[in-house]
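Chain by chain, the residues run as shown.
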Amino acid sequence: MKLIDTPRCFFVRKPKKGASIEWVIHLIIHPMSTKSSPHPSASPRSLSSKRRDRATDHRAAGSPAPLTFRPIHTRRAFEEICARIREQLALGVLKPGDKLPAERDLAQQLGVSRNVLREALRSLEMAGVLRLQKGVKGGAFVQAGDTSRMNVVMRDMLSLGTISVRELSEARVHVLDLGVRLACTNARQSDFDALEANVERTDLATREGRLLDRVECAREFYKLLAEASGNKVIAMIMDSVTEIHMRFVYAKVASSGVAMARLVERRRQFLVALRERNVALATRLMRSHLGAVQRMLEQDPGAMSLQVALAEMQPGMRR
């Protein structure tokens with residue numbers, strides 16, 4: 001049925017063949033809402049436009065808006081594979097050290113090509129979930145968990161400008177404060193012994209003038225302290241913020257040949273407070289030391305640049 005709008009009246013034509021009864025009823029109720037009837041051979045684009053017009057007319061007439069749905073976005077195949085492997089880890093079916101089925105068998109089980117499967121396995125390797133080993137005895141093995149992956153995330157966030165060097169330095173103070181408190185409560189005799197041995201190596205490197213080796217000892221000291229906290233999450237955060245911060249210290253010492261004075265004395269005082277589980281004294285000594293290190297770095301603005309934090313370090317400083 002088609003309406004012709006003239007200044008004086010409406011002429012109702014006979015509905016064309018194929019017009020629905022719903023369309024006729026619609027025109028009776030809303031004679032001014034539509035100028036033409038749908039044509040069976042209309043293109044999808046014109047039909048879409050007419051649907052939008054009708055939706056507007058419904059709203060104008062006070063009728064409820066037509067129901068709409070968002071498009072369905074399916075995962076890419078390799079993402080689905082990663083999700084399924086992670087699901088098996090969460091359920092405990094796969095555990096650290098387990099080997100996944102052979103590539104051909106796993107591809108058949110999942111119903112994907114071997115190229116797609118390799119893409120998924122490489123993605124999980126980069127995430128630290130799997131270890132891919134070549135050779136006769138090779139394959140894809142479940143990792144025990146690489147906490148140093150967080151160091152990469154932290155560096156990427158610095159590169160992208162998500163976090164600043166100032167925020168990193170501030171966070172390190174607060175994170176180490178919490179780590180020291182936990183270490184005062186949870187540290188074992190083996191932790192104290194490991195820290196004591198580290199202080200002795202630091203003393204030897206200082207007396208022999210091996211200042212860059214002393215920086216490496218300092219990095220190890222914070223790693224041992226993180227382990228002594230007894231909390232793996234806190235230890236992981238401590239390790240990541242310290243690893244980046246030690247890059248600034250390394251660059252400063254390497255460029256100037258100047259290192260923190262009385263470091264060994266400070267370390268020994270701190271270790272005594274830690275052994276006595278004196279939280280107040282241990283946290284105060286650590287904050288004092290970190291403040292002194294920060295002041296030393298701030299004397300050379302270049303030592304605290306983003307380029308230093310993101311630069312590759314000497315082999316002894318790498319993970």
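**Student:** It is not clear to me how the nonpolar core should be interpreted in this structure. Could you clarify?
**Tutor:** In globular proteins that are soluble, nonpolar side chains generally tend to be buried together. Counting 47 residues, the largest nonpolar core has Leu-225, Phe-270, Leu-274 and Met-286 as its most contacted members. Every element with two or more residues in this core is listed here: α6 (149-160), α7 (165-186), α8 (189-207), α9 (211-228), α10 (232-256), α11 (263-275) and α12 (279-298). Ranked by residues supplied to this core, first place goes to α10 with 10 residues. If we skip the residues at most four places from it in the chain, Leu-225 touches Val-180, Ala-183, Leu-195, Met-238, Phe-270, Leu-274 and Met-286. Within the second largest apolar cluster, 16 residues are counted, among which are Leu-106, Leu-117, Ala-120 and Val-129.

**Student:** Could you clarify how one ought to interpret the pattern of salt bridges in this entry?
**Tutor:** Side-chain pairing between opposite charges can occur once the charged atoms of the two side chains come close. Following the criterion strictly, the structure yields 18 salt bridges and no others. With a closest N to O distance of 3.0 Å, Arg-210 and Asp-213 form a salt bridge. One salt bridge in this structure joins Arg-262 and Glu-265, with 3.2 Å as the shortest N-O distance. On the accessibility criterion, Arg-262 (49% relative accessible area) is partly exposed.

**Student:** Please clarify how the side chain of Thr-283 should be interpreted in this entry.
**Tutor:** Mapped onto the elements, Thr-283 comes out in helix α12. Sequence-distant contacts of Thr-283, that is, excluding residues within four places in its chain, are made with Asp-177, Val-180 and Arg-181.

**Student:** Can you walk me through the environment of Ser-148 in this structure?
**Tutor:** Residue position: Ser-148 is located in the loop between β4 (139-142) and α6. It is 9.1 Å that separates the C-alpha atoms of Ser-148 and Gly-128, two residues lying 20 residues apart in sequence.

**Student:** What is the right way to read unusual backbone geometry from this model?
**Tutor:** Note: most peptide bonds trans; most residues except glycine with negative phi. Notably, Arg-262 is not glycine yet its phi reads approximately 60 degrees, a positive angle. Checked against the element boundaries, Arg-262 lands in the loop between α10 and α11. One non-glycine residue, Arg-277, lies in positive phi territory at about 55 degrees. Tracing the backbone through its elements, the reader meets Arg-277 in the loop between α11 and α12. Overall, the relative accessible area of 37% leaves Arg-277 in the partly exposed class.

**Student:** Hey, could you run me through the packing of aromatic side chains in this one?
**Tutor:** Any pair of aromatic rings gets described here by the distance separating the centres and the angle formed by the planes. One pass over the structure, following the stated rule, counts 2 aromatic pairs. With 5.8 Å between their ring centres and 85 degrees between their planes, Phe-221 and Tyr-222 make a pair best called edge-to-face. Note on Phe-221: relative accessible area 0%, which makes it buried. One aromatic cluster is present, formed by Phe-221, Tyr-222 and Phe-270 through successive ring pairs. For the cation-ring pair, Arg-172 lies above Tyr-222, with the distance from its terminal atom to the ring centre recorded as 4.7 Å. The ring of Phe-221 has Arg-267 sitting right over it, with the charged end atom 4.1 Å from the ring centre.

What counts, and at which threshold
Residues numbered from 1 in each chain as written. Predicted model: local features only at pLDDT ≥ 70, side-chain atom pairs only at ≥ 80, totals over all residues. Heavy atoms only, no water. Core = buried A, V, L, I, M, F, W, Y, C linked by side-chain atoms within 4.5 Å. Buried < 20%, exposed > 50% of the residue type's maximum accessible area, 1.4 Å probe, protein only. Helix = DSSP H or I, 4+ residues; strand = E, 2+ residues; numbered from the N terminus. Contact = heavy atoms within 4.5 Å. Salt bridge = Lys/Arg side-chain N within 4 Å of Asp/Glu carboxyl O. Phe/Tyr/Trp six-rings, centres within 6.5 Å; stacked < 30°, edge-to-face > 60°. Lys NZ or Arg CZ within 6 Å of the ring centre and 35° of its normal.

Geometric descriptors of this kind do not, in isolation, establish any biological role.
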